[in-house]
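Descriptive analysis of the structure
The chain contents come next:
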Amino acid sequence: MMWKRMQRSFIHVSAVALKKTPLHMKGKSAADRRWLVRQLNDPFVKAAHAQNYRCRSVFKLTEIDDKYRLLKPGLSVIDCGAAPGAWSQVAVQRVNSTGESVDLPKGSVIGIDSLRISPLDGAQLLSNHDITEPSTHVALERLLPEARADVILSDMAPNARELDHERLVTMSLSVLDLADKVLSPGGSLICKYWDGALAHKLQRRLSSMFQDVRTVKPRASRKESAEIFFLARMFKIR
């Protein structure tokens, strides 16, 4: 339903935007021009601006969560690779970490990234932190209620200009190492990967840790993109 509304509202590029395009393009490389045109035509970019989200990737998470209901009031969430913070925005709203809904349990959200994350009400942010470092795990356990998380999210990826399947699988495996330490029994995890030869390695590891593992590709993932998400539920007691 949301997708149909977005199509009606945002599918056409405005005449104003088109008139400004040549100015935006001036001095840009061919790759940058293609990116700008794509942004102008992208309904998810327009919707993110209209709804005050930090980037279009927010709709990948909302679509997954609308279907599978992972984020609920009162839960504790870790958002790995959180910058610029769009997924954390969704998590804050859905687990009620600001306590805005006084009749619902209050959750918690912790965002981690090696980059700086702008402050976000309702989230505790660990900017300039590497999730592979023991010091980051210590900081997390200190911030998490009872040192445990209910949901771990990861939209992490290497630099888009260095599309490296092996590196992304390695990053995702580091998220699973974190899950092994802090995820509560029965907890859930979402992590991004690019389809390729090593995807089965990541899937095997997930299947050893969770009772239910499936792949999802939200509509907000561009058709030409190789990105897919693993959705893993019911973390096993180990």
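Residues numbered from 1 in each chain as written. Predicted model: local features only at pLDDT ≥ 70, side-chain atom pairs only at ≥ 80, totals over all residues. Heavy atoms only, no water.

**Let's talk about the environment of lysine 106**
Note the cut-off: Note on conventions: DSSP H or I runs of at least 4 residues are helices, E runs of at least 2 residues are strands, and numbering of each starts at the N terminus. When checking whether two residues touch, look at their non-hydrogen atoms; a contact exists if any pair is within 4.5 Å.
Relative to the elements of secondary structure, lysine 106 occurs in the loop between α6 (86-95) and β2 (108-112). Here the alpha-carbon distance between lysine 106 and proline 73, two residues 33 residues apart in the chain, equals 6.1 Å. In contact with lysine 106, other than residues within four places in its own chain, are Gly74, Val95, Asn96, Ser97, Thr98 and Gly99.

**What about the pairing of strand β5 (residues 183-194)?**
Just so we agree on the cut-off: The rule is simple: take the accessible area with a 1.4 Å probe, protein chains only, and divide by the maximum for that residue type; under 20% is buried, over 50% is exposed, in between is partly exposed. A strand pair is defined by DSSP finding two or more bridges across the two strands.
The buried fraction of β5 is high, at ten of twelve residues. Inspection of the sheet shows strand β4 (residues 149-154) paired to β5 by five bridges, in the parallel sense. Across the sheet, serine 154 pairs through a bridge with cysteine 191, a residue of β5.

**A closer look at the pairing of strand β7 (residues 227-235)**
Most of β7 sits out of view: seven of its nine residues are buried. When β5 meets β7, the two strands line up antiparallel, connected through six bridges. What sits directly across from lysine 192, in β7, is phenylalanine 229. Judged from the six bridges that link them, strand β6 (residues 210-216) and β7 form a sheet pairing that is antiparallel.

**Points about the nonpolar core**
In plain terms, the rule: Here, the term nonpolar core denotes a set of buried Ala, Val, Leu, Ile, Met, Phe, Trp, Tyr and Cys residues that are joined through side-chain atoms within 4.5 Å.
Grouped together as the largest cluster of nonpolar side chains are 36 residues, with contacts concentrated most on Ile78, Cys80, Ile152, Leu189, Leu202, Leu206 and Phe210. A total of nine residues in this core trace back to one element, the largest contributor, which is helix α8 (residues 165-182). Here phenylalanine 210 is in contact with Leu183, Gly187, Ser188, Leu189, Ala232, Arg233, Met234, Phe235 and Lys236, once residues within four sequence places are set aside.

Honestly, that's just the spatial picture; any functional story needs more than this.
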